[in-house]
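The primary structure of each chain is shown beneath.
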Amino acid sequence: MSGRVTDKVAVITGAARGQGRSHAVRLAQEGADIIAVDICAPISANSPIPPATPDDLAHTADLVKAHNRRVVTAEVDVRDFDALKAAVDGGVEQLGRLDVIVANAGIGNGGHTLDRTSAEDWDDMIGVNLSGVWKTVKAAVPHLISGGNGGSIILTGSVGALKAYPNTGHYIAAKHGVVGLMRAFAVELGQHFIRVNSVHPTNVNTPMFMNEGTMKLFRPDLESPGPDDMAVAAQFMHTLPVGWVEPDDVSNAVLFLASEESRYVTGLPLTVDAGSMLK
């Protein structure tokens, strides 16, 4: 099967690398043009994860173009509604329409219990992982409504949107909020034949997971843990014997939700979790 989103246009936040880049490439493979948005700069002073760069976003664009699809890029902070709206409006003006919104941008920071989480880490987390999702949809959905062709909105959640883990409470709170946004938008936008769903990955092999801070979180018993050390602990999260999934695994779920194959699917929290929710 090919051409599952032929001639559709998708806006994707957090598109410079990781899951966002994977989503952009997968949708392009199936015929979509892409508006790729990323801040390409540091967000949280306390994040152990190096930020994406303008070169990362340019590489995403090159990967999309390699599939003979058009792409518009913008370096925008999803917390800045006016800049985000301008980027989306400009992309739609160049590409002619909008059909799919993938609100994917997200961060990880902190690593403390909630009572020890700093106000700065809390504000950054909620600002990007929750408010940024709302602002992305708010900025882009008028184009879906005015287009009159329905559309699909996909929000990036997490297994942490559906259950709790220690030392990540601000992340858990933000991602639980994403489920609320998804369901509320699904109810409000259904009259326009706009479907709204969320994807909920477990650990994903991206820089947000594969970093020194996360490895030490999983293996505090080791001074300098590596991926193999982390895998031993991470497998206990899952029913299937893996420590994490690949970005493509999540992108395949995003593609399904973006395509007409899911034309009557809305309000669904779709897990890509190796059976984590069974534990």
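The structure contained in this document is the topic of the report that follows. This structure is a prediction, so every number in the text was calculated from the model and none was measured.

Calculation notes
Residues numbered from 1 in each chain as written. Predicted model: local features only at pLDDT ≥ 70, side-chain atom pairs only at ≥ 80, totals over all residues. Heavy atoms only, no water. Helix = DSSP H or I, 4+ residues; strand = E, 2+ residues; numbered from the N terminus. Rg over C-alpha atoms; globule rule 2.2 N^0.38 Å. Contact = heavy atoms within 4.5 Å. Areas by Shrake-Rupley, 256 points an atom, 1.4 Å probe, with all protein chains shown as cover. Lys, Arg positive; Asp, Glu negative; His and termini not counted. Charge placed at Lys NZ, Arg CZ, Asp CG, Glu CD. Axes fitted to C-alpha atoms, helices over the stretch in contact; angles between N-to-C directions. Left-handed = near helix turned anticlockwise from the far one by under 90°. Pairing = 2+ DSSP bridges. Buried < 20%, exposed > 50% of the residue type's maximum accessible area, 1.4 Å probe, protein only. Right-handed = clockwise from strand over helix to strand, strands pointing away.

**Some points on the overall build of the protein**
Point 1. The helix and strand inventory of the protein stands at eight helices and seven strands.
Point 2. For the protein, the C-alpha radius of gyration of 18 Å lies close to 19 Å, the compact-globule estimate for 279 residues.
Point 3. Overall size of the protein, expressed as C-alpha extent along the three principal axes, is 55 × 35 × 35 Å.
Point 4. Residue pairs at least 24 apart in sequence account for 73% of intrachain contacts in the protein once pairs closer than 6 positions are excluded.
Point 5. Accessible surface, the protein: about 12000 Å² in total, of which carbon and sulfur atoms supply 54%.
Point 6. Averaging the locations of the 22 positively and 31 negatively charged side chains of the protein gives two centres separated by 6 Å.

**Concerning the environment of Trp244**
Point 1. Of note, Trp244 is situated in the loop between helix 7 (227–234) and helix 8 (247–258).
Point 2. Each C-alpha atom, one on Trp244 and one on Ala231, is 7.8 Å from the other, the two residues being 13 residues apart in sequence.
Point 3. Ignoring any residue separated from it by four or fewer positions in sequence, one finds Trp244 in contact with Asn203, Val204, Asn205, Phe209, Met210, Pro227, Met230, Ala231 and His238.

**Quick word on the side chain of His170**
Point 1. The residue His170 is located in helix 5 (residues 169–189) in this model.
Point 2. His170 has contacts with Asn109, Gly110, Leu114, Thr117, Asp121, Trp122, Met125 and Ile126, leaving out every residue within four places of it along the chain.

**Focus on the packing of helix 3 (residues 81–95) against helix 4 (residues 119–147)**
Point 1. One can describe the packing of helix 3 onto helix 4 by two numbers: an axis separation of 9 Å at closest approach and a directional angle of 30°. Seen from above, helix 3 lies across helix 4 with right-handed handedness. Contacts from Phe81, Leu84, Lys85, Val88, Asp89 and Val92 in helix 3 reach Lys135, Thr136, Lys138, Ala139, Ala140 and His143 in helix 4.

**Some details on the sheet that holds strand 1 (residues 9–13)**
Point 1. Here we have seven strands laid out as an open sheet, ordered 3-2-1-4-5-6-7, and parallel in their pairing. Each edge of the open sheet carries a strand with a single partner, namely strand 3 (71–75) and strand 7 (269–272). The mean angle between the axes of side-by-side strands here comes to 15°, regardless of whether they run parallel or antiparallel.
Point 2. As judged from the four bridges shared by strand 4 (residues 100–103) and strand 5 (residues 151–156), these two strands associate in the parallel manner. By the bridge assignment for strand 5, Val100 is matched with Ser152.

**Here's the deal with the environment of Asp56**
Point 1. Here Asp56 lies in helix 2 (residues 54–65).
Point 2. C-alpha separation for the pair Asp56 and Pro42, spaced 14 residues apart in sequence, amounts to 13 Å.
Point 3. Aside from chain neighbours lying at most four places away, what touches Asp56 is Ala16, Arg17, Arg21 and Pro51.

**Side note on the pairing of strand 4**
A regular strand places its side chains so that they alternate between the two faces of the sheet.
Point 1. Both faces of strand 4 are covered, namely the face carrying Val100 and Val102 and the face carrying Ile101 and Ala103.
Point 2. Across three bridges, strand 1 lies against strand 4 in parallel orientation. The residue of strand 4 that forms the bridge with Ala10 is Val100.
Point 3. This β-α-β element, strand 4 to helix 4 to strand 5, shows right-handed connectivity.

**Some details on the environment of Asp62**
Point 1. In this fold, Asp62 is placed in helix 2.
Point 2. Each C-alpha atom, one on Asp62 and one on Val25, is 9.6 Å from the other, the two residues being 37 residues apart in sequence.

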